[in-house]
There are 2 protein chains.
Amino acid sequence: MMNLEEKTISSKEIYKGKVVHLFEDSVLLQNDKEATREWIEHPGGVCVLAITDEGKVVMVRQYRYAHKAVFLEIPAGKLEPGEDPKLCGIRELEEETGYVAESFEFFAKMIPTPAYVGEVIHIYIARGLRKTAQRLDPDEFLQVEEIPFDEAVKLALDGEITDAKTLVALLKAKVGNN
Amino acid sequence: MMNLEEKTISSKEIYKGKVVHLFEDSVLLQNDKEATREWIEHPGGVCVLAITDEGKVVMVRQYRYAHKAVFLEIPAGKLEPGEDPKLCGIRELEEETGYVAESFEFFAKMIPTPAYVGEVIHIYIARGLRKTAQRLDPDEFLQVEEIPFDEAVKLALDGEITDAKTLVALLKAKVGNN
């Protein structure tokens, strides 16, 4: 196979916010030329395809400022550095939707934006749900909705759902007959 | 429905690179408290699920610096501001893989990272492929591979493919029996 690697010459931190940690690196290409790579470091995220005993997917509607629009997504959250993705997923599911799950299994790994964001999203599938209580952060606003699985898949196929992690979780579950 | 909107109070440009255009905005939440939103403006992208007459998916292996790894993806590219996504997709497919298509249709819209990146990816499906010649930029390195559709779907289900746009395109095509 062709060697496709790019070697780091130098790395400059541009900005460190709460979410975005931006770098501008100089790299050496395969043709020995130099190029610049802008990229964002990210601790990664988790999301949960939680399915009730009645076969409904637990989803959340949430405002996404970068798109100035409300999105229908599965519950998700950002990892703390070094945090176990499964524990993070269990916590986020309960905080956002008020559900705990008897079965909570790894389902898929997804890279939303390989070109310039280092984020990896760990997708879990949760079943055997039992209701506790939603515990949102004071500055977190979202609305929980339970949607029958096949209806959610139809929303994905029809373009009503556009969020990548939600599409991957629903369509993979559909193909795998989960 | 609950009002989920966040109102912009002020917007500050942090960085403008070739790929990343970063802002830090102050917003007013539903509880009248202020919060900060870090977000990246992006002109959007396209990708193409191109299927040969033999039922093979035309894919590319490419180094992704943000992950320090080679990814197997469908051909893709970034829109120039104001550019028609379909024309961009037709151009990127030919440049990266050396294929032109008789049929080139819109297939899906996907938002890779709604939380903090404004990018929208337009997915097209291309059939009736005819070989011309690959025309890579001098600093672009990638390797074209043609993989039977069901084998590509298996790579997606098995976690060998992790790129979000590629997963969505393959799994949606599988569910829709394309």
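Note that the coordinates shown come from a computational prediction; the quantities given were computed from them, not determined experimentally. Numbers given to residues run from 1 along each chain, matching the order in which its sequence is written. To read the labels, note that chains go from A and ligands from 1, taken in the order they are written. In keeping with the predicted nature of the model, local features appear solely for residues at pLDDT of at least 70, side-chain atom pairs appear and are counted solely at 80 or more, and the whole-chain, interface and lining totals rest on all residues. Hydrogens and waters are ignored; side-chain quantities use all the structure's heavy atoms.

**Description of the packing of helix α3 (residues 164-175) of chain A against helix α3 (residues 164-175) of chain B**
For any two helices packed against each other, one specifies the inter-axial angle together with the distance between the axes. Filter applied, for reference: The angle between two axes is taken between their N-to-C directions and runs from 0 to 180 degrees, where each axis is a line fitted to C-alpha atoms and a helix contributes only its stretch in contact. Put simply, DSSP marks the helices as runs of H or I at least four residues long and the strands as runs of E at least two long, and each gets a number from the N terminus on. The hand of a helix crossing depends on one turn: near helix anticlockwise from the far one by less than a right angle means left-handed, and clockwise means right-handed. Residue contacts are counted whenever heavy atoms from the two residues lie within 4.5 Å of one another. Three residue categories are used. Nonpolar comprises Ala, Val, Leu, Ile, Met, Phe, Trp, Tyr, Cys and Pro, charged comprises Asp, Glu, Lys and Arg, and polar comprises the others, including Gly.
Between α3 of chain A and α3 of chain B, the shortest axis-to-axis distance is 9 Å and the interhelical angle comes to 35°. Crossing of α3 of chain A against α3 of chain B: the hand is left-handed. The residues of α3 of chain B that touch α3 of chain A, namely those facing Ala-164, Leu-167, Val-168, Leu-171, Lys-172, Lys-174 and Val-175 of chain A, are Ala-164, Leu-167, Val-168, Leu-171, Lys-172, Lys-174 and Val-175 of chain B. When its residues are assigned to classes, the contact of α3 of chain A with α3 of chain B shows 10 nonpolar, no polar and 4 charged.

**Thoughts on the pairing of strand β3 (residues 34-41) of chain A**
Residue and element names in this part refer to chain A. To be explicit about the condition: Here, any two strands with at least 2 DSSP bridges between them count as paired.
Across 8 bridges, the pairing between strand β2 (residues 21-28) and β3 is antiparallel. The partner of Leu-22 across the bridge, within β3, is Ile-40. If you look at the hairpin formed by β2 and β3, you'll find 5 residues sitting between the two strands, and Asp-32 has a positive phi there, around 65°.

**What to know about α3 of chain A**
Definition in use: Helix span, as expected, comes to 1.5 Å for every residue beyond the first. When accessible area is computed with a 1.4 Å probe and restricted to protein chains, residues below 20% of their type maximum are described as buried, those above 50% as exposed, and intermediate ones as partly exposed.
Look at α3 of chain A: 16 Å from first C-alpha to last across 12 residues, which is about the 16 Å you get at 1.5 Å a residue. Buried within α3 of chain A we find Ala-164, Lys-165, Thr-166, Leu-167, Val-168, Ala-169, Leu-170, Leu-171, Lys-172, Ala-173 and Val-175 of chain A.

**What about the environment of Ile-90 of chain B?**
Residues and elements named next belong to chain B. Mapping Ile-90 onto the fold places it in helix α1 (residues 85-97). Residue classification places Ile-90 among the partly exposed residues on the basis of a relative accessible area of 35%. Sequence separation between Ile-90 and Ala-76 is 14 residues, and the spatial gap between their C-alpha atoms is 10.0 Å.

**Some words on the relation of the copies chain A and chain B**
Condition: In this comparison the copies share one frame, found by least squares on the C-alpha atoms of residues holding pLDDT of at least 70 in both.
Least-squares fitting of chain A to chain B yields an RMSD of 0.0 Å, with the transformation described by 0.0 Å of translation along the axis and a rotation of 180°. The symmetry that links the two subunits is that of a two-fold axis. Rotation axis and chain A: the residue whose C-alpha lies nearest the axis is Pro-112 of chain A, separated from it by 2.5 Å. Both copies share a contact surface, since 100% of the interface residues of chain A are interface residues in chain B too.

**Brief notes about the packing of helix α2 (residues 149-157) of chain B against α3 of chain B**
Residues and elements named next belong to chain B. The cut-off we apply is this: In what follows, roughly perpendicular refers to angles from 65 to 115 degrees, roughly parallel to angles under 35, roughly antiparallel to angles over 145, and oblique to any angle outside these ranges.
α3 packs onto α2 with a crossing angle of 120° between their chain directions and a minimal axis gap of 10 Å. One finds that α2 runs oblique with respect to α3. Of the two elements, α2 crosses α3, and the hand of that crossing is left-handed. Contacts between α2 and α3 involve Phe-149, Asp-150, Ala-152, Val-153, Ala-156 and Leu-157 on the former and, on the latter, Leu-167, Leu-170, Leu-171, Ala-173 and Lys-174. Here the residues of the contact of α2 with α3 sort into 9 nonpolar, no polar and 2 charged.

**Describing the pattern of salt bridges**
As a reminder, the rule being used: Think of a salt bridge as a Lys or Arg side-chain nitrogen and an Asp or Glu carboxyl oxygen that are within 4 Å of each other.
Counted under the stated rule, the structure contains 26 salt bridges over all chains. Note that Asp-139 of chain A is salt-bridged to Lys-33 of chain B, the shortest N-O span being 3.5 Å. You can see Asp-139 of chain A sitting in the loop between β9 (121-131) and β10 (142-148) and its partner Lys-33 of chain B sitting in the loop between β2 (21-28) and β3 (34-41), one on each of two chains. The partner of Glu-73 of chain B in a salt bridge is Arg-64 of chain B, with the nearest N and O atoms 2.8 Å apart. Overall, the relative accessible area of 13% leaves Arg-64 of chain B in the buried class. Bridged by salt links that share partners, the residues Arg-64, Glu-73, Asp-163 and Lys-165 of chain A form one connected network.

**Observations regarding the sheet that holds strand β4 (residues 45-50) of chain B**
Residues and elements named next belong to chain B. What the 4 strands build is an open sheet, ordered β7-β4-β9-β8; its pairing is mixed. Each having just a single partner strand, β7 (76-78) and β8 (99-110) make up the two edges of the open sheet. Ignoring strand direction, the axes of neighbouring strands in this sheet form an average angle of 25°. Direction of pairing for β4 relative to β7: antiparallel, over a ladder of 3 bridges. Note that in β7 the partner of Val-46 across the bridge is Gly-77. Lying on the sheet, α3 is in contact with β4, β7, β8 and β9 (121-131); it crosses β8 at an angle near 100°.

**Describing the sheet that holds β10 of chain A**
Residue and element names in this part refer to chain A. Taken together, 3 strands build an open sheet; the order of strands is β6-β5-β10 and the sheet is antiparallel. Edge positions in the open sheet fall to β6 (69-73) and β10, since each of these has one partner strand only. Each strand of the sheet is rotated relative to its neighbour by a mean of 25°, with strand direction disregarded. Across 5 bridges, the pairing between strand β5 (residues 56-64) and β6 is antiparallel. What sits directly across from Val-60, in β6, is Glu-73. Sheet strands touched by helix α2 (residues 149-157): β5, β6 and β10. Its angle to β10, the strand with the most contacts, is close to 110°.

So, to be careful, I would describe these as geometric facts and stop short of saying anything about function.
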